[in-house]
Amino acid sequence: MIKDMSAHATPQKPRLKLLLASPRGFCAGVDRAIQIVEQAIAKHGAPVYVRHEIVHNRHVVERLEQMGAVFVDELDACPDDRPVVFSAHGVPKRVPAAARAREMIYFDATCPLVSKVHIEAERHHKRGLEILLIGHKGHPEVIGTMGQLRDGAITLIETEDDAHAYVAQDPDNIAIVTQTTLSVDDTADIINILTTRFPKVAMPHKEDICYATTNRQEAVKAMAPKADAMLVVGAPNSSNSQRLVEVGRKAGCAYSQLVMRAANIDWRALDGITSIGITAGASAPEVLINEVIDAFKDRYDVTIELVETAVENVEFKVPRVLREPA
């Protein structure tokens, strides 16, 4: 007699197309900043102090803590006799000045593309121009950029309303710089308002929004219309990650959410989907992206489709002093 084994059969997993964005995750500036902390520890031993999170990702921060990094809010919390690293977002000029005054060993991990904005702001200031910075109040990068010049030398423009409301001292002598991690489309709308109001405004020689932010947003735009849902792997305090969520919604994916890692996925909200887009902010490591993909493979019969819109080969070198032997 043949036994009925159906009661013991493994339930068939539902099929799911997983759209994987490329580029995604780490950018050259983030990779360089992390290497600076790692090499500072290798050269000088632990502890090495880091002013603010080196990048906005807890997984990265906790791994560096295990290696011997100590993260602090301000330079005052660092002892004079241990090295300190400044985060990838950049710092006000007063911070390295204070480190020099204390004769500290310090390494500046500011992303070179952020440093470019700092240089632009100083150049405009020397020409006597009013400087408008498009960005988000309180973000470390904005604090660092505004801190390159005296108080009041830079005016922050956060919204289209701010752009309409701005009163220029001299409408013919205005310059614009931007935070590097903004929404490309939202920033373009603000710039359009300002250039319409002030036709002679000085613009950056090359767009301030960094290549990685732009590329990741373009990949999301290509992916979002094909997906029932989209997840962005990143941290809540990561500006570029939050912008990817917003871009996904505007590009046609109604359920576009941020998750720090697989444990944060709301599976009930994804019930019934047949396709999902996965991307990651520029400070999210590939190990967390793979963790999310594996979580979907546990629950679904997954087919992965790569959505590639650009190929990145940018590399920023760490400071020479860290490449030299101890």
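It should be noted that the structure appears before, not after, this text.
What counts as what
Residues numbered from 1 in each chain as written. Predicted model: local features only at pLDDT ≥ 70, side-chain atom pairs only at ≥ 80, totals over all residues. Heavy atoms only, no water. Phe/Tyr/Trp six-rings, centres within 6.5 Å; stacked < 30°, edge-to-face > 60°. Helix = DSSP H or I, 4+ residues; strand = E, 2+ residues; numbered from the N terminus. Buried < 20%, exposed > 50% of the residue type's maximum accessible area, 1.4 Å probe, protein only. Lys NZ or Arg CZ within 6 Å of the ring centre and 35° of its normal. Pairing = 2+ DSSP bridges. Axes fitted to C-alpha atoms, helices over the stretch in contact; angles between N-to-C directions. Contact = heavy atoms within 4.5 Å. Polar contact = N/O pair within 3.5 Å; in protein donor to acceptor, adjacent residues only side chain to side chain.

Participant: What should I look at first to understand the packing of aromatic side chains in this one?
Facilitator: Under the counting rule described, the total for this entry stands at four aromatic pairs. Aromatic side chains Tyr166 and Phe198 sit 6.2 Å apart centroid to centroid with 80° between the ring planes, which places their arrangement in the edge-to-face category. Here Tyr166, found in the loop between helix 6 (160-165) and strand 8 (174-178), pairs with Phe198, found in the loop between helix 7 (184-197) and helix 8 (211-223); they are 32 residues apart in sequence, far enough to count as distant. Classification of Phe198 by relative accessible area gives buried; the value is 5%. A connected cluster of aromatic rings, assembled from ring pairs, spans Trp267, Phe296 and Tyr300. Arg299 extends its terminal NZ or CZ atom over the ring of Trp267, reaching a point 4.0 Å from the ring centre.

Participant: Explain the sheet that holds strand 8 here, please?
Facilitator: Two pairing modes exist for strands in a sheet, parallel and antiparallel, and in both the strands are linked by backbone hydrogen bonds. One open sheet holds the three strands; their spatial order is 7-6-8, and the pairing between them is parallel. Two strands lie at the open edges of the sheet, namely strand 7 (154-157) and strand 8, each paired on one side alone. Between one strand and the next, the sheet's axes are offset by a mean angle of 30°, whatever the strand orientation. Inspection of the sheet shows strand 6 (residues 130-134) paired to strand 7 by four bridges, in the parallel sense. Considered in strand 7, the bridge of Ile134 is made with Ile157. Sheet contacts for helix 4 (residues 112-126): strand 6, strand 7 and strand 8; angle to strand 8, the most-contacted strand, approximately 170°. The sheet strands contacting helix 7 are strand 6, strand 7 and strand 8, and the helix crosses strand 6 at an angle near 155°.

Participant: Just checking my understanding: could you explain the environment of His59 for this structure?
Facilitator: Within the secondary structure layout, His59 lies in helix 2 (residues 58-67). On a C-alpha basis, the gap between His59 and Asp170 in space is 47 Å, while along the polypeptide they are 111 residues apart. Apart from residues lying up to four places away in sequence, His59 is in contact with Arg261, Pro285, Val287 and Leu288.

Participant: In this structure, what is going on with the sheet that holds strand 4 (residues 84-86)? I would like to understand it.
Facilitator: The strand order 3-2-4-5 describes an open sheet built from four strands, whose pairing is parallel. In the strand order of this sheet, the two ends are held by strand 3 (69-72) and strand 5 (106-108), each with one partner. Across the sheet, the axes of successive neighbouring strands diverge by a mean angle of 25°, strand direction being ignored. Here strand 2 (residues 48-51) pairs with strand 4 via three bridges, running parallel. Bridge assignment links Tyr49 to a residue of strand 4, and that residue is Val84. The strands that helix 1 (residues 28-44) touches are strand 2, strand 3, strand 4 and strand 5; relative to strand 5, the one it contacts most, it runs at about 160°.

Participant: Help me understand the side chain of Ser183, please; the structure alone is not making it clear to me.
Facilitator: With respect to the helices and strands, Ser183 occurs in the loop between strand 8 and helix 7. A polar contact of 3.1 Å, which involves the side chain of Ser183, links it to the backbone nitrogen of Asp186. Residues in contact with Ser183, not counting those within four places in the same chain, are Ile209, Gln217, Arg243 and Val247.

Take it as geometry only, folks, not as evidence of what the structure does.
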